[in-house]
Amino acid sequence: VNQSTRHTNSVVGFSSRKSFSLGGGSKVLEKSVFDEDDNDVTPQPLYQADPGAVQAKASRFFVDEISAGSASEQTTATGSFTMPFSRSVLGSSRISSQSTIESTNEEIEDTFTKQDIPINFPGLVEYLVHDTNSISLLPEFLDKIQNMYESNLLVLLQDKEKNNQYAEVCRNRMGNDKYVDRSMQTLNGAAKNKHVQTDSMAMVDTATTVTTWDMYDTLRGPEQDNTVHNPEPEKVEYPEAVMDTNRGAERSVSVGTSSLKEEVFGSSVNAESDLQLIMLSENFQQCLLVMERNILRNTFQPKLAAYRQLPVLEDLGSPVKSQALERLWAFSCELSRGCSVSSMAWNKRNPDLLAVGYGEFDSSTQRAGLVCCWSLKNPTWPERVFHCDSAVTSLDFSANNPSQLAVGMHDGSIAIYNVHSQDNKSPVISSSECPNKHLGPVWQLRWTQQELSITGDEKVEALFSVSADGRISKWFVFNNGLDCIDLMKLKRIHNAKKKAGGNNTEKKSESVLSALTPGLCFDFHPTDSSLYLVGTWEGFIHKCSCSNSQQFLETFRKHFCPVNCIAWCPLSPDVFLSCSSDWTIQLWKQDRLNPVLGFTSTQMAVYDIKWSPKWATVFGAINEGQLEIWDLNSSILDPVAVQPAAPGVKMKSLLFATQTDCVLVGDSDGQVTVYQLKNFSVGESSQVKLWNRQPCRWFR
Amino acid sequence: MAEVEETLKRIEAHKGVIGTIVVNAEGIPIRTNLDNSTAVQYAGLLRHLTMLARSTVRDIDPQNDLIVLRIRTKKYEIMVAPENGFLLIVIQNPCE
């Protein structure tokens, strides 16, 4: 028994197991005795246990060399072995309390306390020390963690120590009795070959490029094509809205990746039928439309840009500061050539859409009328064309239903067209069957919003018309047609001088002649929609109210020829203009019976007059030969800008553009020319000053 | 049908338009007012470019789609409008 108390007291444990299981805290009760050299001189038991039996003990080492108190907790090997084989590595070296401390220990669960555990060969002795009492303190997690930490430290130190000891062993190996060479033999199994056969796997290379839209299309599935072109039906911006795309959709197959590659458009390979199919599809029409607009934009781009008031590079040579009119372009096409323009109206929702009514009503021959809806994007061809039975005399777009266009005609009938869809060529409603329809040409139509509806959401809009039979009527839809109620009958009023004498005779003659005088124009007050002005053939202007259908509120007399147009000023309250065939334009204020100002520039009948929507003192007037723009702020005697008509052409109709500084003039040749007002920059506050200034001069 | 024909004629008659080509799904020009070889060349070359442009637009936002592709060159401008199954090509010289 090679046992040296010194050497083998050490508890050597070289465990390959690095994990520590802390089964429970256990107190070490056995003490070790050290002499002053720190040699372990613990008395050894006389009986040595069987080498095959290892008493596994659970123990815990505290690597706490600093605290002296740890001495009580040091464990010592109660049994020590010297194995006949070598490599009790640490046994040879110094035995110190440190080594005992640094020896590995393993804590074994309580279950192992009394069992014999086989020794771990190869070569290193494992001493397991355990205590008799094992107290498992399960809730002491903190302790466990600390123990783990400390045992990790312990491992570190032990490893270091082991390294040192191993180096020592290697040095001492030569010629040392402790070390004996021994050989081992392992059993080599016989090798056996076995063949295995499998089916050959076919390898196929596939590649595909995935794009975002591809995945989107696959997810959407085949219904994507049906819905991809659905616009909102209320948009009037594209009145040529794509209606039914199903026809086009069912011909195209879009399945995942193949949506672009194979578009099976019909099953025929024949080019001719392909052409037919393509031509009939809605998409193609849309394409054509877009393309046409693009082409036109190329041509008209500078003019359209000027219209939109994009900054235009001016020629450096002409710093013109005066107010002038510049011609931009003209809406005209073969259909409208030769027809005289009678009225124009902007769409209320889409300010790029213009409706123009054509009709020759001066001459005795009744030609069929025409209504064209032009878009700014295409000045060469109208978006919609409606042929009417008789000459068109007036037009207006509805505000509540922006796609409804009311057309008044020379024969007295009123028709409402829907400009939204392209197929609809006939009026939605017409008043031709109405028994109360006008007997004379409808000179002016207006949609006006009256009182609030019951729900209060939108104002009730009604269509008003004034016609040559002397009636002002309010129209509503009744029984699939239009019906009207008369708002006012324009009774003939005689001149005040004549009325002074001979009342009886006048009354008699009144009953013989028609008591109504043709009304030529009217206008509703911009804020108070129950108040309106009517201009008559006699030259009188009557102020009427919708609530009073018997009497005029007031009569303004100045003109002695038919009043062709009346316009309330949109920016200044209670001011209106009237123009007449007596070559004059009169400016009135609502509370004065006599006009405040009168304008005459040429000796021609003034056909149309309109206020500028932007500047309070600017208005435009056309007479037969020229377009005049007046600016009351600059001059009340002369127009500030004059544009003569093309030779042989008479100007007929005037319209200001609502959002830009442009003015549209329709003439007797069927052209609507757009002019831009340049260098007009009048402030709006000047209107107020004008009234303070002028009346003292012109008051009569 | 007649309207479409009329519109197409109108386009062809516009100021500066050199030619129009309608190409079917297989890339064959089915209606054109240019000579056949030029039309075939335009059709073949522009087809791929249009597909690529369309793929680009839709890659960025699959709900978007290409409406018109305009290529402004030194001499003139080529406008291509792709649709499901055909291509409409117009060559215009705006002659400014």
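All residue numbers refer to position in the chain's written sequence, counted from 1. For naming, the first written chain is A and the first written ligand is 1, with later ones following in the order written. Note on the predicted model: pLDDT of at least 70 is required for a residue's local features to be given, and 80 or more for side-chain atom pairs to be given and counted; whole-chain, interface and lining totals, by contrast, use all residues. Excluding hydrogens and water, the side-chain values take into account all heavy atoms of the structure.

As recorded in an unreviewed UniProt entry, chain B goes by the name Dynein light chain roadblock, listed as coming from Lates calcarifer. UniProt positions are given in the numbering used here, feature names are shortened, and annotations may be inferred rather than shown by experiment. Under the Sequence similarities (unreviewed entry) heading, UniProt states for chain B: "Belongs to the GAMAD family." If you open the UniProt record of chain B and go to Subcellular location (unreviewed entry), you find "Cytoplasm, Cytoskeleton".

An unreviewed UniProt entry lists chain A under the name Dynein axonemal intermediate chain 4, with Lates calcarifer as the source organism.

Caption draft 1: Up close: the overall build of chain A. The helix and strand inventory of chain A stands at 14 helices and 28 strands. Three exposure classes are used, based on accessible area relative to the maximum for each residue type with a 1.4 Å probe and protein chains only: buried under 20%, partly exposed in between, and exposed over 50%. For chain A, with 700 residues in total, the buried portion stands at 49%. In chain A, of all internal contacts separated by at least 6 residues, the share reaching a separation of at least 24 is 60%. Residue exposure ignores everything except the shown protein chains as possible cover, and the areas themselves are Shrake-Rupley values with a 1.4 Å probe. Carbon and sulfur atoms make up 54% of the accessible area of chain A, which amounts to about 36100 Å² in all. Helical segments are the DSSP runs of H or I of at least four residues, strand segments are the runs of E of at least two, and each set is numbered from the N terminus. Contacts: residue pairs with any heavy atoms within 4.5 Å of one another.

Caption draft 2: Looking closely at the sheet that holds strand S5 (residues 384-388) of chain A. Residue and element names in this part refer to chain A. Taken together, four strands build an open sheet; the order of strands is S2-S3-S4-S5 and the sheet is antiparallel. In this open sheet, the two edge strands, each paired with only one partner strand, are strand S2 (341-346) and S5. Within this sheet the neighbouring strands show an average axis-to-axis angle of 15 degrees, counted without direction. Paired strands are those between which DSSP finds at least two bridges. Where S2 and strand S3 (residues 353-358) come together, five bridges link them in antiparallel fashion. Axis definition: a line fitted to C-alpha atoms, over the contacting stretch in the case of helices. Angles run 0 to 180 degrees between N-to-C directions.

Caption draft 3: Highlighting a nonpolar patch on the surface. Taken together, the side chains of Tyr149, Leu153 and Leu156 of chain A make up a nonpolar region of the molecular surface, amounting to roughly 320 Å² of accessible area. Exposure remark for Leu156 of chain A: the relative accessible area of 52% places this residue in the exposed category. Each patch is assembled from residues with relative accessible area greater than 30% and no salt bridge, linking like charges that lie within 9 Å and nonpolar side chains (Val, Leu, Ile, Met, Phe, Trp, Tyr) that lie within 5 Å. We define a salt bridge as a contact between a side-chain nitrogen of Lys or Arg and a carboxyl oxygen of Asp or Glu at a distance within 4 Å.

Caption draft 4: Highlighting helix H2 (residues 36-60) of chain B. Spanning 25 residues, H2 of chain B covers 36 Å between terminal C-alpha atoms, matching the ideal 36 Å at 1.5 Å per step. By the burial criterion, the buried members of H2 of chain B are Ala39, Tyr42, Ala43, Leu46, Arg47, Thr50, Ala53, Arg54, Ser55 and Arg58 of chain B. By this rule, a helix spans an expected 1.5 Å times one less than how many residues it contains.

Caption draft 5: Inspection of the packing of helix H5 (residues 212-220) of chain A against H2 of chain B at higher detail. It is the contact of H5 of chain A with H2 of chain B, at a shortest axis distance of 7 Å, that shows an interaxial angle of 75 degrees. Relative to H2 of chain B, the element H5 of chain A is oriented roughly perpendicular. Contacts between H5 of chain A and H2 of chain B pair Thr212, Trp213, Tyr216 and Asp217 of chain A from the former with Ser55, Arg58 and Asp59 of chain B from the latter. Residues of the contact of H5 of chain A with H2 of chain B, tallied by class, amount to two nonpolar, two polar and three charged. Each angle gets one of four labels, with under 35 degrees taken as roughly parallel, over 145 as roughly antiparallel, 65 to 115 as roughly perpendicular, and the rest as oblique. When residue character is reported, Ala, Val, Leu, Ile, Met, Phe, Trp, Tyr, Cys and Pro are called nonpolar, Asp, Glu, Lys and Arg charged, and the others, Gly included, polar.

Caption draft 6: Broad picture of the side chain of Ser653 of chain A. All names here are of chain A. Checked against the element boundaries, Ser653 lands in strand S26 (residues 651-656). We classify Ser653 as buried; its relative accessible area is 3%. Ignoring sequence-local partners within four residues, the contact set of Ser653 consists of Val341, Ser342, Ser343, Met344, Asp608, Ile622, Leu664, Val665 and Gly666.

Caption draft 7: Geometry of the interface of chain A and chain B. Taken together, the contact pairs 39 residues of chain A with 44 residues of chain B. Carbon and sulfur atoms supply 64% of the area buried between chain A and chain B, which totals about 3800 Å² over both sides. Computed with a 1.4 Å rolling probe, the buried area is the accessible surface lost when two parts are put together, summed over both parts. Sorting the residues of chain A by area buried against chain B places Met279, Met291 and Asn298 of chain A first, and these three jointly supply 16% of that buried surface. Along the contact surface separating chain A from chain B lie one salt bridge. When the shortest N-O distance is used, the salt bridge between Arg58 of chain B and Asp217 of chain A registers 2.7 Å. In the analysis that follows, any N or O atom pair within 3.5 Å is treated as a polar contact, provided that within protein one partner can donate a hydrogen and the other can accept it, and provided that, for residues neighboring in sequence, both atoms belong to side chains. The tally of links between chain A and chain B comes to four residue pairs in polar contact (both at pLDDT 80 or more).

Caption draft 8: A look at the side chain of Gln444 of chain A. Residues and elements named next belong to chain A. With respect to the helices and strands, Gln444 occurs in strand S10 (residues 442-452). Looking at Gln444, its side chain comes within polar contact range of the main-chain nitrogen of Phe522, at 3.2 Å. Gln444 has contacts with Ser394, Phe464, Ser465, Val466, Leu520, Cys521 and Phe522, leaving out every residue within four places of it along the chain.

Caption draft 9: Broad picture of the nonpolar core. All names here are of chain A. Put simply, a nonpolar core is a bunch of buried Ala, Val, Leu, Ile, Met, Phe, Trp, Tyr and Cys residues held in one set by side-chain atoms that sit within 4.5 Å of each other. Residues Tyr307, Trp329, Phe331, Leu354 and Leu664 are the most contacted members of the largest nonpolar core, which totals 28 residues. Counting residues per element, the ones that place at least two in this core are helix H10 (282-307), strand S1 (324-331), S2, S3, strand S4 (369-375), strand S27 (662-667) and strand S28 (672-678). With five residues, H10 is the single largest residue contributor to this core.

Caption draft 10: Local environment of unusual backbone geometry. Residues other than glycine seldom take positive phi values, yet Trp583 of chain A does so here, at roughly 70 degrees. Mapped onto the secondary structure, Trp583 of chain A falls in the loop between strand S19 (575-580) and strand S20 (585-589).

Caption draft 11: Quick look at the confidence of the model for chain A. The pLDDT score gives, residue by residue, the confidence of the prediction method on a 0 to 100 scale. Looking at chain A, the pLDDT average stands at 70 and 66% of residues meet or exceed 70. Throughout residues 495-512 of chain A the model reports pLDDT below 50, and contacts reaching past four residues in sequence, or to other chains, amount to four contacts.

Caption draft 12: Quick peek at the sheet that holds strand S21 (residues 597-599) of chain A. Residues and elements named next belong to chain A. Spatially, S18-S19-S20-S21 is the arrangement adopted by the four strands of the open sheet, whose pairing is antiparallel. In this open sheet, the two strands that pair with only one neighbour each are strand S18 (563-568) and S21. For this sheet the average axis-to-axis angle between neighbouring strands, irrespective of direction, equals 20 degrees. Relative to S20, S19 runs antiparallel, the two sharing five bridges. Bridge pairing in S20 links Ser578 to Gln586.

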